[in-house]
Amino acid sequence: MTRAIPRTYWVAGTAVLLALLFAAAATVTAANGGPAAAPAAAPRTPGLHSADAGFARDMAVHHQQAVEMSFIVRDRTQDEAVRTLAYDIANTQANQRGMLFGWLDLWGLPKVVADEPPMSWMTGSGGHGGHEGHAAAKPGALMAGMATKEELAQLGSAEGRDAEVLYLQLMTDHHKGGVAMAEGCARLCVTPVERALAQGMADAQQSEITLMTDMLKQRGATPRG
């Protein structure tokens, strides 16, 4: 039996869409020398270990797992609400991942830095002091909120309600880690359009956390944390 998609879902989706449209418009405007461009000086290209570059690299990896989990659950349930949410998350985060990689290419920076610990840009080690730290990743996970290989395997073997509940729990944890990272960039990044996109991510994912909590309640479950 399928369930109606809660109104919160559409609120979250609208927030994501507005963030993407704003970021894209700001990028084009700045590139054309429009009002978004700073009149006093040319924008500074972020450095290799800057918060801007670190966020782009880490959030791209973080997003990739969300896309993976969303495609997994679409094959494990026929529930319309969960499948629609999973498609929206996969589509949105894949698009955002492309934008993050595009900025790294624009800045002439690599997508992977071998000696850079995940999320180290949030601690101020990249020259952006003032942040008190970040949540630690659980054992077996690369970054805060991310699932372990064992959890992904469990999701891939679950079916029906069990798959729905596990996906919603894993994605809630994933979003909590993503919100912390996005809020970190909104504070520490210096590129205006990236800060705007990061804040849009944080707002949208927080709305989706509320939505997923409601969806878990409908299934007699709760978030794990």
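As the structure is a prediction and not an experimental result, all values here were calculated from the model. (Residues numbered from 1 in each chain as written. Predicted model: local features only at pLDDT ≥ 70, side-chain atom pairs only at ≥ 80, totals over all residues. Heavy atoms only, no water.)

**A word on helix H3 (residues 80–107)**
An α-helix turns once per 3.6 residues; consequently, residues spaced three or four apart project the same way. Compared with an ideal rise of 1.5 Å per residue, which puts 28 residues at 40 Å, H3 spans 41 Å between its outermost C-alpha atoms and is within 8% of the ideal. Residue Asp79 occupies the N-cap position of H3, its side-chain oxygen lying 3.2 Å from the main-chain nitrogen of Ala81. Looking one or two residues beyond H3, the residue adopting positive phi is Gly108, at roughly 70°. (Helix = DSSP H or I, 4+ residues; strand = E, 2+ residues; numbered from the N terminus. Expected span 1.5 Å × (residues − 1). Polar contact = N/O pair within 3.5 Å; in protein donor to acceptor, adjacent residues only side chain to side chain.)

**Details of the pattern of salt bridges**
As a working rule, side chains carrying opposite charge can pair if their charged atoms are close by. Inspection of the entire model under this criterion finds nine salt bridges. Between Arg219 and Asp79 there is a salt bridge, with its nearest N and O atoms 3.0 Å apart. Placement of Arg219 in the segment after helix H6 (192–218) and of Asp79 in the loop between helix H2 (51–74) and H3 is noted, with a sequence separation of 140 residues between them. Residue classification places Asp79 among the buried residues on the basis of a relative accessible area of 3%. By sharing partners, the salt bridges in this structure join Lys138, Glu151, Asp173 and Arg224 into a single network. (Salt bridge = Lys/Arg side-chain N within 4 Å of Asp/Glu carboxyl O. Buried < 20%, exposed > 50% of the residue type's maximum accessible area, 1.4 Å probe, protein only.)

**Focus on H6**
Taking 1.5 Å as the rise per residue, H6 with 27 residues should run 39 Å; its terminal C-alpha atoms sit 39 Å apart, in good agreement. Count one or two residues on from H6 and you reach Gly220, which has phi positive near 70°.

**A few points about the state of the cysteines**
Counted under the stated rule, the structure contains one disulfide. Bridging Cys185 to Cys189, the disulfide has an S-S length of 2.2 Å. Across the S-S bond linking Cys185 and Cys189, the dihedral sits near -120°, which makes this disulfide left-handed. Cys185 sits in the buried class, given a relative accessible area of 0%. Note on Cys189: relative accessible area 3%, which makes it buried. (Disulfide = S-S within 2.5 Å.)

**Regarding the environment of Val67**
Its place among the elements puts Val67 in helix H2. Take Val67: its relative accessible area is 8%, and that puts it in the buried class. C-alpha of Val67 to C-alpha of Thr92: the two residues are 25 residues apart in sequence and 8.9 Å apart in space. Aside from chain neighbours lying at most four places away, what touches Val67 is Ala90, Gln93 and Ala94. (Contact = heavy atoms within 4.5 Å.)

**A word on the side chain of Asp52**
Here Asp52 lies in helix H2. A distance of 3.0 Å separates a polar side-chain atom of Asp52 from the backbone nitrogen of Val190. Only 2.8 Å separates the side chain of Asp52 from the side chain of Thr191, close enough to count as a polar contact.

**Looking at the layout of surface pockets**
When its volume is computed, the second largest pocket comes out at roughly 170 Å³. Forming the walls of the second largest pocket are Arg57, Asp58, Val61, Lys111, Val112, Val113, Ala114, Glu116, Pro118, Leu142 and Met143. (1 Å grid on protein atoms, 1.4 Å probe; cavity = no way out; pocket = protein on both sides within 12 Å on 5 of 7 lines; lining within 4 Å. Points joined across faces, edges and corners; volume = space filled by probe spheres on them.)

**A few points about the nonpolar core**
The biggest cluster of nonpolar side chains holds 31 residues, and the ones touching the most others in it are Phe55, Leu100 and Met181. Contributions of two or more residues to this core are made by H2, H3, helix H5 (160–188) and H6. Filtering out sequence-adjacent residues up to four positions away, Met181 remains in contact with Phe55, Asp58, Met59, His62, Met119, Trp121, Met122 and Met143. With 25 residues, the next largest nonpolar core counts Ile72, Val73, Ile89 and Tyr167 among its residues. (Core = buried A, V, L, I, M, F, W, Y, C linked by side-chain atoms within 4.5 Å.)

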